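Below, each chain spelled out in residue letters.
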Amino acid sequence: MDLKSTWRHLARHLTVDDADAPVLARKRASNCVGFLASGVQQNFALSWQEDDGQLKDGLTQPQPPQALNNLGGGRYWVHASNFALSAADDAALERMLDTLRHIEDAKLVVLDTRGNRGGNSLVGARILSALLGEAFVESLGQSSHSYAMWRVSALALATLDSALASMQGNHEKNNDAYTFVSGMRESMNAALVGKQDWLRQPDTSSLDQGLVKDSSPVRFKGQLVLVTDSFCASACLDFADAVLAVPGATHFGLSTSGDTLYIDTGSQALPSGAQFWLPLKVWRGRVRGNNQSYDPRYIFDGDINDTSAGQKWVLGYF
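On a predicted model such as this, the values are computed, not experimentally measured, just so you know.

A.B. asks: Looking at this structure, how should I read the packing of aromatic side chains?
C.D. replies: Within a pair of aromatic rings, the relevant descriptors are the distance that separates the centres and the angle that separates the planes. The full count for this structure, using the stated rule, is eight aromatic pairs. Here F83 and F239 contribute two aromatic rings whose centre-to-centre distance is 5.5 Å and whose plane-to-plane angle is 90 degrees, an arrangement assigned as edge-to-face. Highlighted residues: F83 in the loop between β4 (75-79) and α3 (87-101) and F239 in helix α9 (residues 235-244), separated in sequence by 156 residues. Summarising the burial analysis for this pair, F83 and F239 share the class buried.

Take a look at the structure:
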């Protein structure tokens, strides 16, 4: 409840009584008092009615297509909106990364994470590596000294098995995400057989050893901007960690969500039929604290989902 993003999300339900969100259940108010922009206080009577589907679009966060847009004048806008990739998404990402590696006139690059709900942190690392160079991005991660430990259990192994099964139809066997999960699954199985309590997750840099390294050490040295909305969490926050660690990077948009140090959940069906969810790993030495958000230097007071308005606002500072 200390996160600004929590209050922003709750505000969307101020006049919505949703049966799918019983935690929000409360007595329906008959009126509310609002303070207008002029400072005038006004009372509004509330009339409750059944929704016929109009609310869905208003409560659903849009996800801009992941793409690189050249805005001219050495200004580039990167929609880093999707870190949970299908096979088609992965092919589109490769094309975007190839273009990003070869922009030579860039003076300003905006990394826009609006619509990003998390997924695979390696996607964010690849986007930043294409722009700044793999060696530089790896140095950012190494300087944090953070690492993740998995609790060894049958549930963790089953969760990794399920993740691999879901990727079979969407990813190539040499895909980064598949390689990571497959490696974790094998290590977890060995740790379970060996009756270990904990398993350390390999560093991201160790996963990149088989990739072709940059042919040129030259990296983008212009102005770097990060744009976030209030849904940025999980892998999106990992991306923010790296971007905001770049000297001179500036944060625009809305305050992000937050992550606990306990993450990557698995679920177990109970005899009652209910589902029990629990985290499978914990971060140690993470620079970003438990449930800590990132608050932008420049806060957008309009509709964060309006790309045109957001671009005009950000570019007005440069």
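Once you've had a look at it, read on.
A.B. asks: For this particular structure, what's the right way to read a nonpolar patch on the surface?
C.D. replies: There is a patch of nonpolar side chains on the surface, built from L36, V40 and F44 and spanning about 230 Å² of accessible area. Take L36: it is sitting in the loop between β1 (31-35) and β2 (41-45).

A.B. asks: Help me out: how do you make sense of the packing of helix α4 (residues 121-132) against α9 in this one?
C.D. replies: For the pair α4 and α9, interaxial distance at closest approach is 8 Å and the crossing angle is 30 degrees. In terms of orientation, α4 and α9 fall into the roughly parallel class. The two elements α4 and α9 meet at a crossing, and its hand is right-handed. Residue-level contacts link S121, G124, I127 and L128 of α4 to A235, D238, F239, A242 and V243 of α9. Here the contact of α4 with α9 is built from residues that sort into six nonpolar, two polar and one charged.

A.B. asks: Explain the nonpolar core to me, please; I cannot follow it from the model alone.
C.D. replies: One broad trend across soluble globular proteins is that nonpolar side chains are buried collectively. With 36 residues, the main nonpolar core has V109, L111, I127 and F239 as its most contacted residues. Secondary structure elements with two or more residues in this core: β4, α3, β5 (108-112), α4, α5 (134-142), β8 (223-228) and α9. Leaving out residues up to four positions away in the same chain, L111 has contacts with V78, I127, L128, L224, V225, L226, V227, F239 and V243. The next biggest cluster of nonpolar side chains, apart from the first, holds 18 residues, and it includes W150, A177, V181 and M188.

A.B. asks: Honestly, the sheet that holds strand β10 (residues 262-269) in this entry has me stumped. Any pointers?
C.D. replies: Hydrogen bonds between backbone atoms are what pair the strands of a sheet, whose relative direction is either parallel or antiparallel. The antiparallel open sheet is built from four strands, whose spatial order is β7-β6-β11-β10. Only two strands of the sheet have a single partner each, and these edge strands are β7 (198-200) and β10. Direction aside, neighbouring strands of the sheet carry axes that sit 30 degrees apart on average. Relative to strand β11 (residues 275-284), β10 runs antiparallel, the two being bridged by seven bridges. Residue pairing across strands places S267 opposite W277, the latter belonging to β11. Set on the sheet, helix α6 (residues 154-167) makes contact with β6 (147-151), β10 and β11; between it and β10 the angle comes to about 95 degrees.

A.B. asks: I would appreciate a short explanation of the packing of α3 against α4 in the present structure.
C.D. replies: Two packed helices can be described by the angle between their axes and the distance between those axes. Running from N to C, α3 and α4 cross one another at 25 degrees; their axes reach a closest spacing of 8 Å. Compared by their axis directions, α3 and α4 come out roughly parallel. Crossing hand, α3 versus α4: right-handed. Touching D90, L93, E94, M96, L97, L100 and R101 of α3 are V123, R126, I127, A130 and L131, all from α4. Its residues assigned to classes, the contact of α3 with α4 shows eight nonpolar, no polar and four charged.

A.B. asks: How do you make sense of the state of the cysteines when you look at a structure like this?
C.D. replies: Between two cysteines, a covalent bond joining their sulfur atoms is known as a disulfide. Counting across every chain of the model gives one disulfide. Between the sulfur atoms of C232 and its disulfide partner C236 the distance amounts to 2.1 Å. Across the disulfide from C232 to C236, rotation about the S-S bond amounts to roughly -105 degrees, and the bridge is consequently left-handed. The pair formed by C232 and C236 is uniform in burial state, with each residue classed as buried.

A.B. asks: Mind showing me how you'd approach the side chain of Q311 here?
C.D. replies: Position of Q311 among the secondary structure elements: in helix α10 (residues 307-315). In contact with Q311, not counting residues within four places along its chain, are L71, W77 and H79.

A.B. asks: So what exactly am I meant to see when it comes to empty space enclosed by the protein here?
C.D. replies: Using a probe with the size of a water molecule, rolled over the atoms, empty space left in the structure can be pinpointed. One pass over the full model with this rule turns up one cavity of 30 Å³ or more. Within this model, the largest cavity holds a volume of roughly 50 Å³. Around the largest cavity, the lining residues are W77, R114, V227, F300, I304, D306, G310, Q311, W313 and V314. Considering every element that reaches the lining of the largest cavity, the biggest residue donor is α10, with four residues. Taken together, the residues of the lining of the largest cavity break down into six nonpolar, two polar and two charged.

What counts and what doesn't
Residues numbered from 1 in each chain as written. Predicted model: local features only at pLDDT ≥ 70, side-chain atom pairs only at ≥ 80, totals over all residues. Heavy atoms only, no water. Phe/Tyr/Trp six-rings, centres within 6.5 Å; stacked < 30°, edge-to-face > 60°. Helix = DSSP H or I, 4+ residues; strand = E, 2+ residues; numbered from the N terminus. Buried < 20%, exposed > 50% of the residue type's maximum accessible area, 1.4 Å probe, protein only. Patch = residues over 30% accessible without salt bridge, like charges linked within 9 Å, V, L, I, M, F, W, Y side chains within 5 Å. Areas by Shrake-Rupley, 256 points an atom, 1.4 Å probe, with all protein chains shown as cover. Salt bridge = Lys/Arg side-chain N within 4 Å of Asp/Glu carboxyl O. Axes fitted to C-alpha atoms, helices over the stretch in contact; angles between N-to-C directions. Parallel < 35°, antiparallel > 145°, perpendicular 65-115°, else oblique. Left-handed = near helix turned anticlockwise from the far one by under 90°. Contact = heavy atoms within 4.5 Å. Nonpolar A, V, L, I, M, F, W, Y, C, P; charged D, E, K, R; others polar. Core = buried A, V, L, I, M, F, W, Y, C linked by side-chain atoms within 4.5 Å. Pairing = 2+ DSSP bridges. Disulfide = S-S within 2.5 Å. 1 Å grid on protein atoms, 1.4 Å probe; cavity = no way out; pocket = protein on both sides within 12 Å on 5 of 7 lines; lining within 4 Å. Points joined across faces, edges and corners; volume = space filled by probe spheres on them.

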